[in-house]
Amino acid sequence: MLNTKLEFAKTVVQKAGVFIKQHLSDDLEISEKTHFDDLVTNLDREVQDQILTQIQSTFPGDSVLAEENDVRHDISDGNVWVLDPIDGTTNFIVQRDNFAVMLAYYEAGVGKIGVILDVMNDNLYWGDGTSAYKNETQIHLTVKPLRQSLIGVNTYMYRTNAGGLLDLSHESLGVRAIGSAGIEYVNILDGKIWGYFSNLSPWDYAAGAVLIAPFGYVTQQIDGSPLAFEGRQMMMSVPSDQLDKIKAYLK
Ligand code: 2AM
Ligand code: CA
Ligand code: CA
Ligand code: CA
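Cut-offs applied
- Residues numbered from 1 in each chain as written.
- Chains lettered and ligands numbered in written order.
- Predicted model: local features only at pLDDT ≥ 70, side-chain atom pairs only at ≥ 80, totals over all residues.
- Heavy atoms only, no water.
- Pairing = 2+ DSSP bridges.
- Helix = DSSP H or I, 4+ residues; strand = E, 2+ residues; numbered from the N terminus.
- Axes fitted to C-alpha atoms, helices over the stretch in contact; angles between N-to-C directions.
- UniProt positions renumbered as here; feature names shortened; annotations may be inferred.
- 1 Å grid on protein atoms, 1.4 Å probe; cavity = no way out; pocket = protein on both sides within 12 Å on 5 of 7 lines; lining within 4 Å.
- Buried < 20%, exposed > 50% of the residue type's maximum accessible area, 1.4 Å probe, protein only.
- Contact = heavy atoms within 4.5 Å.
- Salt bridge = Lys/Arg side-chain N within 4 Å of Asp/Glu carboxyl O.

**Q** What should I look at first to understand the sheet that holds strand 12 (residues 195-200) in this one?
**A** Two strands in a sheet stick together by hydrogen bonds in their backbones, pointing the same way (parallel) or opposite ways (antiparallel). Taken together, the five strands give an open sheet; going across it, the order is 11-10-12-14-13, and neighbouring strands pair in mixed fashion. For this open sheet the edge positions go to strand 11 (174-176) and strand 13 (217-221), each flanked by a neighbour on one side alone. Pairs of neighbouring strands in the sheet enclose a mean axial angle of 20°, with direction left out of account. Pairing between strand 10 (residues 150-153) and strand 12: three bridges, direction parallel.

Now the structure itself:
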């Protein structure tokens, strides 16, 4: 069943990527959610509707947690699909680049499937928590020490030293901020950044956490406590064997 679900997840995400690319030149309908810089477009909603419809008709017993609706299902309860239809909506609106479609599947809070499509580069990252692939090629990742690496950050947390992130950054070669959690996660998988620190909701990290787990990565709150998979939390995805070295900086 998990193989069927993994193939399903890859297919629906790829179809969503094709749909988005067909509509790249459209005039977008853009609405504000909580603030002028918290935006959603008609394409976020259309992609979400299309993927949720396919999940509900193919796996009617499963639950869904998706960014652009008001259903807030507890991820630790049963079989749950977690969808971010367009991750990096601001990049999508301003750049038409650096955005992703992300779909994950969890059973009783345990990540079983993670899929991230880097839409503009046509790269599909997928995995089951034990291995990960970029398109048809298995990913092999050798993680370097922090002092030889770059880290991905949320700019607000970085400049305010939230969680001690600014202090920690002095132990790295520098910071980068892309504006899409999904693209940050695929940059970890490509060996471009060592880890990622941000303030995220479950649909922002659910797929990424599954994809990087095979390489010894842990995804947890910045203070070291487990993620609640509800609401927004200051979190990090980092190599677990380097946790001791970074704990002195984080709070
Ligand atoms: P989104 O584009 O799907 O909303 C950088 O902004 C990253 O943080 C993006 O992956 C973005 O996902 C996510 N994010 C989560 N909550 C956000 C918020 N309230 N405002 C802006 N970005 C948010
Ligand atoms: Ca959003
Ligand atoms: Ca997101
Ligand atoms: Ca989104």
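**Q** How should I be thinking about the UniProt feature "binding site: Mg(2+)" (unreviewed entry) in the protein chain in this particular structure?
**A** Residues annotated in UniProt with the feature "binding site: Mg(2+)" (unreviewed entry) correspond here to E67, D84, I86, D87 and D204. On the basis of their most widely separated C-alpha atoms, the annotated residues across 138 residues gather in one place, lying no more than 10.0 Å apart. Here, the largest pocket is lined by E67, D84, I86, D87 and D204 out of the annotated residues. Residue placement: E67 occurs in the loop between strand 3 (63-66) and strand 4 (79-87). On the basis of relative accessible area, E67 is assigned to the buried category, the value being 18%. When near neighbours in sequence (up to four residues on either side) are disregarded, E67 contacts K33, Q48, R72, L83, D84, P85, I86 and W203. Structurally, D84 can be placed in strand 4. Not counting the four nearest positions on each side in its chain, D84 is found in contact with E67, A100, V101, M102, W203 and D204.

**Q** Can you help me understand the pattern of salt bridges in this one?
**A** Any two side chains of opposite charge can pair, so long as their charged atoms come close to each other. Within this structure, the stated rule accounts for eight salt bridges. Residue K5 pairs with D62 through a salt bridge whose shortest N-O separation is 2.9 Å. Of the two residues, K5 sits in helix 1 (residues 2-22) while D62 sits in the loop between helix 2 (42-58) and strand 3, which places them 57 residues apart along the sequence. Residue K5 shares its accessibility class with D62, and that shared class is buried. For K33, the salt bridge goes to E68, with nearest N and O atoms at 2.9 Å.

**Q** Looking at this structure, how should I read the pairing of strand 14 (residues 233-239)?
**A** Each regular strand shows side chains that alternate between the opposite faces of the sheet. Within strand 14, six of the seven residues are buried, which leaves the element mostly enclosed by the surrounding structure. Across five bridges, strand 12 lies against strand 14 in antiparallel orientation. Note that in strand 14 the partner of F197 across the bridge is M236. The pairing of strand 13 with strand 14 spans five bridges and is antiparallel. Within strand 14, the position partnered with Q220 by the bridge is M236.

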